[in-house]
Amino acid sequence: MSRPAALTPPPWLAHALRAQRGPVPWNAVGRGALSAGPVLLVAVLAGRTSLGVVAAIAAMLAGINDRPGSRRASVRRIGVPALAGAVGLLVGTYAGAHVGAVVLTVLLTLVGLVAGGVSAVGPVASGAGTQLLVASAIGAGMPLPEPGWQRALAFLVGAGWLLGLRLVLPTPGSLAGDFRFDGERAAIAAVYDAVAELLDAAGTPEATARRAALTAALDHAQDALAGPRLRRYASSGAERRLHAQYAAALPLAEAATALAWAGENVSGRASQGPRRLAAAVRDNTHTGPLPAPSRSAPGLRALDDALLHAAEAFDRAKGADLHTRRRTPRSLLRTVFGAGGREYGLRVALCFGAGVGVAQALHQARWYGEHEHWYWLPATAVFLVKPDLGPLASRVLCRAAGTVLGALVFAGFAAVLPRPEGLIALVAVSGALIPVATRHFAAQTAVVTVLVLALVMVGGEPQASAGRIGETLLACAIVLVVGHLPMPGQRAGGVRARLAAAGSAAQAYLAHVLRESDAHAVGELDGQTVRGFEGHAARGFDDRTVRGFDRRTVRRFDGSTVRDLDARGLRRSGPRLPTASGSHPRASGPHVLRASGPHVLRAATTADTRATAARGASVTGADSRALRWTLRREAYRTLAEARTAIALAAAELPALARHAEGADQAADTLEQLVDTTTACAVQLDDTGRLTPEHAERLAALLDELAGHRELVGPRSPDIHLAV
């Protein structure tokens, strides 16, 4: 008798039940215990309890942003949202004191529009937008005797205290070398471990997941090293060594990706070298002898060369480029005012404004009873509505459950704890639990609820557990209704914007790889001009770069047909990269890229080549290789961001999730295109030509990508890179 199939919960419910796993971050737990509680204690002893409450709230919000990573990265991750929160506190305080309920609602709605649009830029900007809105609601809805500038200063003191703890206190295992860079060392070691795991998974079904894990590790290491600094370049020998170790991992990652793309098993000896490099980074020691892999395939030869380069880089310890993009103010504004930013801003503004309006109406009607704090409802709406923080339905369920649990737990503690010392101890314990509770939104909500209710009582207000439960449930209802209202324009704007950016980055990467062997050649694939990287800007799939995916023969720009096309695939007749033996095949004829089959490459004339070079698109030698790694990093990073947005959109209720249908398939195609481009780069480095398998795979993927142009978009935003 067969067993009944297990019931599969819908995506929105499965997301609500999912929790992150991992070891307990004891260092973050210690910082949490030393943050809000001690700050509040000092303020109470000094007779400035109200300012202590504000500082403790700031320390709590900073603790939510205190995530694993380097100290330098934490300055931006904690400091920027804290500055935004101080501004929001100023705006809310003075607006709440000088304008009426209607004007205040309109003003805070506009603040929500701005904060929502800015949140589309990235995680740090999203944290800044969250604290801007929460602090503005607190400033307007929490009447305190101090003026606005004192509240803002107290807010900065609370957040700055936790940031200071993050910068000063050593972490476990940081005694090897300079403890200031323990986060960077751990991140870079994780990259080498991820390379080894990808090599072990080559030829198995786990290869795709391992490649995605490698991308995540590289992103994390890049962010850890690229934090704010007083000087433009790394100033210490230890930091320059870390930069060199990170840069040495890029060719290893490229070779491992090409081997995984080939789909053949790799001997266990191949992964031993990256693992030894990971141990050397983690322990701050020399690499020692590295086992050489077999050189029987282009990917293995690239891996062997990368290991030799890594050993040399570890010994020299010279600083190297991080291969990151530098986002200009224009590109940031384009993100804020683009489709994704507009949809994000409008959704946040409507939900936050509705929360403020309803809270003001209830406040004027004295529904709140004995206390005058009405900020809880709009602040709750902020945490619920932000798309990058999770699906709406999942967050509503978790917020409601967490608030009810936290309020009931606090009611029990409030009945037995002495005041204020017992409540201050409860604040300290709650602060210590935040780093662990961030693994699930319901747990985080429960801990934050206990902490905030304790702060309110320390400030002299009555116990308000029942009121907080009612306000939270009302905020959940408001966000569910407003969040599903029809919006102007095309829905799923955030997903489409991320896919467009990923498509533009993939096209720029492909364009560079196809012409890298000849810096003065600009190819055209299937009748589409591959001009994705001109100067430092790459434009996406628009009429200037995508001119149709048709089936045409190779023709020169003078109209004559290039003859002698055979089944050997893409083949350059211009200067090539050195072959494995170090020689350069002889060039013949104009610089053309030849192809066979339904898809072909066309090349520019000499005059067009010179024009392209004059625009600054031509790079050679080491600069060309560095540019390729920058473009590859950007392609995989934007693809990972698109994957995250798609996963969150798919976990929404069906009414919202349907707008992103097909996005996952488009991302799959882009991912395969970037993987294939990486394999092509390794093949061209090794032989100077592509195999029929590479050519046919590129052609098929471009055909498949043409069917997703509605999601990818006819025109993707510019991507500005610094190399």
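For clarity, every value in this text was computed on a predicted model and none was experimentally measured.

**Describing the overall build of the chain**
Summing up its helical and strand segments, the chain has 27 helices and 7 strands in all. Counting the 723 residues in the chain, one finds 55% classified as buried. Accessible surface computed for the chain: about 29,800 Å², of which carbon and sulfur atoms make up 61%.

**Considerations on unusual backbone geometry**
Residue P420 is bonded to the preceding R419 through a cis peptide linkage, with omega at 0 degrees. Mapped onto the elements, P420 comes out in the loop between α17 (392-414) and α18 (421-437). Here the phi dihedral of N284 falls at roughly 60 degrees; this positive angle occurs in a residue that is not glycine. By secondary structure assignment, the location of N284 is in the loop between α12 (272-283) and α13 (298-316). Judged by relative accessible area, N284 falls into the partly exposed class, the value being 36%.

**Some words on the nonpolar core**
Counting residues in each nonpolar core, the largest one holds 90 residues, and the members touching the most others are L40, I57, M60, Y375, F410 and L455. For this core, the leading source of residues is helix α19 (residues 441-458), giving 13 residues. The residues touching Y375, leaving out its near neighbours within four places in the chain, are A137, I138, G141, M142, V452, V456 and R468. V191, A194, V266 and A310 belong to the second-largest nonpolar core, a separate cluster that totals 44 residues.

**A short note on the environment of I434**
Among the secondary structure elements, I434 is positioned in helix α18. Overall, I434 belongs to the buried group, its relative accessible area being 3%. Sequence-distant contacts of I434, that is, excluding residues within four places in its chain, are made with M60, G63, I64, V447 and L451.

**Regarding the confidence of the model for the chain**
Averaged over all residues, the pLDDT of the chain is 78; the fraction at 70 or higher stands at 78%. Residue range residues 519-620 is modelled with pLDDT below 50. Its contacts to residues more than four positions away, or to other chains, number 222 contacts. Segment residues 714-723: pLDDT under 50, and 50 contacts once partners within four positions in sequence are set aside and those in other chains are kept.

**Here's the deal with helix α11 (residues 237-262)**
Compared with an ideal rise of 1.5 Å per residue, which puts 26 residues at 38 Å, α11 spans 39 Å between its outermost C-alpha atoms and is within 8% of the ideal. Extensive coverage of α11 is indicated by the burial of 21 of its 26 residues. Directly beyond the C-terminal end of α11, a positive phi value near 75 degrees is found at G263.

**Structural notes on the side chain of D675**
Among the secondary structure elements, D675 is positioned in helix α25 (residues 663-687). Ignoring anything within four residues of it in the chain, the contact list for D675 reads R211, T257, W261 and Y636.

**Some thoughts on a nonpolar patch on the surface**
A cluster of nonpolar residues, L34, V75, W161, L167, V168 and L169, forms a patch on the protein surface that exposes about 480 Å² of accessible area. Per element, the largest residue contribution to the nonpolar patch is 3 residues, and it comes from helix α8 (residues 148-168). Within the secondary structure, L169 sits in the loop between α8 and α9 (182-201).

**Quick notes on the packing of aromatic side chains**
Overall, the coordinates contain 1 aromatic pair when judged by the stated rule. When the ring of Y192 is compared with that of F314, the centres are 5.9 Å apart and the planes differ by 80 degrees; the resulting orientation is edge-to-face. One end of the pair, Y192, is in helix α9; the other, F314, is in helix α13, with 122 residues separating them in the sequence. Accessibility expressed as a relative area gives 0% for Y192, which makes it buried. Here the basic side chain of R395 rests over the ring of F441, its NZ or CZ set 3.8 Å away from the ring centre. It is R468 that lies over the ring of Y375; its NZ or CZ is 5.4 Å from the centre.

**Section: the environment of Q463**
Examined against the element boundaries, Q463 turns out to sit in the loop between α19 and α20 (465-483). With relative accessibility at 36%, the residue Q463 sits in the partly exposed group. Placed 10 residues apart in sequence, Q463 and L453 show a C-alpha to C-alpha distance of 7.4 Å.

**Focus: the pattern of salt bridges**
All told, the structure shown has 25 salt bridges when counted by the stated rule. Put simply, D685 and R628 hold a salt bridge, and the shortest N to O gap is 2.8 Å. Of this pair, D685 sits in helix α25 while R628 sits in helix α23 (residues 621-650), placing them 57 residues apart in sequence.

**Quick word on the packing of helix α15 (residues 339-364) against helix α21 (residues 493-515)**
Direction vectors running N to C along α15 and α21 enclose 155 degrees, while the axes themselves pass 7 Å from each other. In terms of orientation, α15 and α21 fall into the roughly antiparallel class. Between α15 and α21 lies a crossing whose hand is left-handed. Seen from α15, the contacting residues are A339, G340 and E343; seen from α21, they are G493, G494 and A497. Considering only residue class, the contact of α15 with α21 consists of 2 nonpolar, 3 polar and 1 charged.

**Observations concerning the packing of helix α16 (residues 376-385) against α17**
Viewed as axis vectors pointing N to C, α16 and α17 meet at an angle of 135 degrees, and their least axial separation amounts to 9 Å. In terms of orientation, α16 and α17 fall into the oblique class. Where α16 approaches α17, its residues W376, T380, F383, L384 and V385 are matched on the opposing element by L392, R395, V396 and R399. Considering only residue class, the contact of α16 with α17 consists of 6 nonpolar, 1 polar and 2 charged.

What counts and how
Residues numbered from 1 in each chain as written. Predicted model: local features only at pLDDT ≥ 70, side-chain atom pairs only at ≥ 80, totals over all residues. Heavy atoms only, no water. Helix = DSSP H or I, 4+ residues; strand = E, 2+ residues; numbered from the N terminus. Buried < 20%, exposed > 50% of the residue type's maximum accessible area, 1.4 Å probe, protein only. Areas by Shrake-Rupley, 256 points an atom, 1.4 Å probe, with all protein chains shown as cover. Core = buried A, V, L, I, M, F, W, Y, C linked by side-chain atoms within 4.5 Å. Contact = heavy atoms within 4.5 Å. pLDDT = per-residue confidence, 0-100. Expected span 1.5 Å × (residues − 1). Patch = residues over 30% accessible without salt bridge, like charges linked within 9 Å, V, L, I, M, F, W, Y side chains within 5 Å. Salt bridge = Lys/Arg side-chain N within 4 Å of Asp/Glu carboxyl O. Phe/Tyr/Trp six-rings, centres within 6.5 Å; stacked < 30°, edge-to-face > 60°. Lys NZ or Arg CZ within 6 Å of the ring centre and 35° of its normal. Axes fitted to C-alpha atoms, helices over the stretch in contact; angles between N-to-C directions. Parallel < 35°, antiparallel > 145°, perpendicular 65-115°, else oblique. Left-handed = near helix turned anticlockwise from the far one by under 90°. Nonpolar A, V, L, I, M, F, W, Y, C, P; charged D, E, K, R; others polar.

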